[in-house]
Amino acid sequence: SNAIEIAYDPVERMLFPASIRENVNLYAREDGYGAEEIAGGLRQLLGGEYDAEEEIEDAGSRFSLGQIDTLCMLRTGASGRGLYLLDEPLAHADKRIFRLVWRGLMESDKTVIAVEHEFDEIGEEYDPCIVWVDQGRIKAVGAYRKLMAEDKSFRRWREAARAKQ
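Residues numbered from 1 in each chain as written. Predicted model: local features only at pLDDT ≥ 70, side-chain atom pairs only at ≥ 80, totals over all residues. Heavy atoms only, no water.

1. With respect to the pairing of strand E5 (residues 137-143)
Both faces of the sheet carry side chains from a regular strand, because those side chains alternate between them. This is how the line gets drawn: Note: two strands are recorded as paired if DSSP finds a minimum of 2 bridges between them. The helix count covers DSSP runs of H or I at least four residues long, the strand count covers runs of E at least two residues long, and both are numbered beginning at the N terminus.
Bridging between strand E4 (residues 129-134) and E5 involves six bridges; their strand directions are antiparallel. Across the sheet, residue isoleucine 130 finds its bridge partner in E5, namely glycine 142. If you look at the hairpin formed by E4 and E5, you'll find two residues sitting between the two strands, and glutamine 135 has a positive phi there, around 50°.

Right, here's the structure in full:
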């Protein structure tokens, strides 16, 4: 079959009243990640100790928004799908987690389509194809470095965005 299986990580993230392991493995094929793998991933990404069998209550109210972003990205990774559609996947994560997760995504064999406003660091390091959409219209399509070098309006837009940070 030529069907493409998609993992979607919406901007409105949700954790369910189940264990951390069950939340991460929600869309996983077969067994997904084991409790130790999840705890190790969380330790690497977030620091501290996590019990993957801990129940999530109140939609994850004890977790920060960055931790919820990270758990949902682990869920996307556990899905094993070939195409990831991501909407601001790490909007609340700190820079270290942002870099680690994007490095993993860009070095994976997955196709990633992402809505991402903070993409200059990704662009400079990995030179992905960018589709610049402004007010519902495609303004430019191309490799990040080429757009920065050759498209004055794209470069000005990125420079203005950086100045706001």
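From this point on, the discussion continues.
2. A closer look at the sheet that holds strand E1 (residues 6-9)
Just so we agree on the cut-off: Each axis is a line fitted through C-alpha atoms, and for a helix only the stretch in contact is used; angles between axes span 0 to 180 degrees, taken between their N-to-C directions.
Reading across the sheet, the three strands line up as E1-E2-E3 and stay open at both edges, with parallel pairing between neighbours. Either end of the sheet is taken by a strand with one partner, and the two such strands are E1 and strand E3 (111-115). When strand polarity is set aside, the average angle formed by the axes of neighbouring strands in this sheet is 10°. Two elements, strand E2 (residues 83-87) and E3, share five bridges in a ladder whose sense is parallel. Looking at the pairing, aspartate 87 lines up with valine 115 of E3.

3. Observations regarding the packing of aromatic side chains
For clarity, the threshold we go by: Note on aromatic contacts: the rings of Phe and Tyr and the six-membered ring of Trp form a pair at centre separations within 6.5 Å, being stacked when their planes are under 30 degrees apart, edge-to-face when over 60 apart, and tilted otherwise. Any residue under 20% of the maximum accessible area for its type is buried, any over 50% is exposed, and the rest in between are partly exposed; the area is computed with a 1.4 Å probe on protein chains only.
Throughout the structure, instances matching the rule amount to seven aromatic pairs. The interplanar angle of 75° and the centroid separation of 5.6 Å between the aromatic rings of tryptophan 132 and phenylalanine 154 together place this pair among those described as edge-to-face. Placement of the pair is tryptophan 132 in strand E4 and phenylalanine 154 in helix H7 (residues 152-164), with a sequence separation of 22 residues. Per residue, the accessibility class of tryptophan 132 equals that of phenylalanine 154, and both read buried. Each ring, one from tyrosine 144 and one from phenylalanine 154, has its centre 6.1 Å from the other, and the planes form 80°; the classification is edge-to-face.

4. Focus: the pattern of salt bridges
Filter applied, for reference: The term salt bridge refers to a side-chain nitrogen of Lys or Arg lying within 4 Å of a carboxyl oxygen of Asp or Glu.
A full pass over the atoms with the stated rule returns 12 salt bridges. Arginine 13 is the salt-bridge partner of aspartate 69, the closest N and O atoms lying 3.5 Å from each other. Residue aspartate 69 is found in helix H3 (residues 65-78), and its partner arginine 13 is found in the loop between E1 and helix H1 (20-24); the two are separated by 56 residues along the sequence. Side by side, aspartate 69 and arginine 13 carry an identical accessibility label, which is buried. One salt bridge connects glutamate 121 with arginine 99, and the closest N-O pair in it is separated by 2.6 Å. With glutamate 121 in helix H5 (residues 120-126) and arginine 99 in helix H4 (residues 95-106), the pair connects residues that are 22 residues apart, well separated along the chain. Since its relative accessible area comes to 27%, glutamate 121 is described here as partly exposed. Judged by its relative accessible area of 40%, arginine 99 is partly exposed. Where salt bridges share partners, they join Asp120, Glu124, Arg158 and Arg162 into one cluster.

5. A word on the layout of surface pockets
Selection rule: Residues are said to line a cavity or pocket when one of their atoms sits within 4 Å of a point; the points come from a 1 Å grid over protein atoms alone, cavities being sets where a 1.4 Å probe fits but cannot get out and pockets being open sets with protein on both sides within 12 Å along at least five of seven lines. Grid points are joined across faces, edges and corners, and a volume is the space filled by probe spheres set on the points. Any residue that is not Ala, Val, Leu, Ile, Met, Phe, Trp, Tyr, Cys, Pro, Asp, Glu, Lys or Arg is counted as polar, Gly included; the first ten are nonpolar and the last four charged.
As a volume, the largest pocket reaches approximately 630 Å³. Lining the largest pocket are 20 residues; nearest its centre among them are Ala114, Glu116, Cys129, Ile130 and Val131. Contributing elements (two or more residues each) for the lining of the largest pocket: H4, E3, H5 and E4. It is E4 that contributes the most residues to the lining of the largest pocket, five residues altogether. Tallied by class, residues from the lining of the largest pocket come to 16 nonpolar, two polar and two charged.

6. A closer look at a negative patch on the surface
Formally: Residues forming no salt bridge and having over 30% relative accessible area are the ones grouped into patches, like charges within 9 Å of each other and nonpolar side chains (Val, Leu, Ile, Met, Phe, Trp, Tyr) within 5 Å. Reported accessibility uses the Shrake-Rupley method at a 1.4 Å probe radius. Residues are deemed covered only where the shown protein chains occlude them. When charges are tallied, Lys and Arg are placed among the positive residues and Asp and Glu among the negative ones, while His and the ends of the chain are skipped. A single reference atom marks each charge: NZ on Lys, CZ on Arg, CG on Asp, CD on Glu.
A cluster of acidic side chains, namely Glu22, Glu55, Glu57 and Asp58, defines a negative patch on the protein surface. Inspection of the secondary structure puts glutamate 22 in helix H1.

7. Regarding helix H2 (residues 35-46)
Residues that lie three or four places apart on an α-helix share one face, since the helix turns once every 3.6 residues. Note the threshold: One less than the number of residues in a helix, times 1.5 Å, gives the span that helix is expected to have. Relevant arc is that of directions from the helix axis to the C-beta atoms, nothing else. Here, two residues are considered to be in contact whenever any of their heavy atoms come within 4.5 Å of each other.
Taking 1.5 Å as the rise per residue, H2 with 12 residues should run 16 Å; its terminal C-alpha atoms sit 16 Å apart, in good agreement. All of the buried residues along H2 are Ile38, Ala39, Gly41, Leu42 and Leu45. The buried residues of H2 occupy one face: seen down the axis, they fall within an arc of 160°. Looking at H2, the residues exposed on the side facing more than 90 degrees away from the buried face are Glu36, Glu37 and Gln44. For H2, the secondary structure elements touched by its buried residues are H1, H3 and H4. Positive backbone phi, approximately 75°, marks glycine 47, located one or two places after H2.

Remember, this is a structural readout, not a statement about activity or role.
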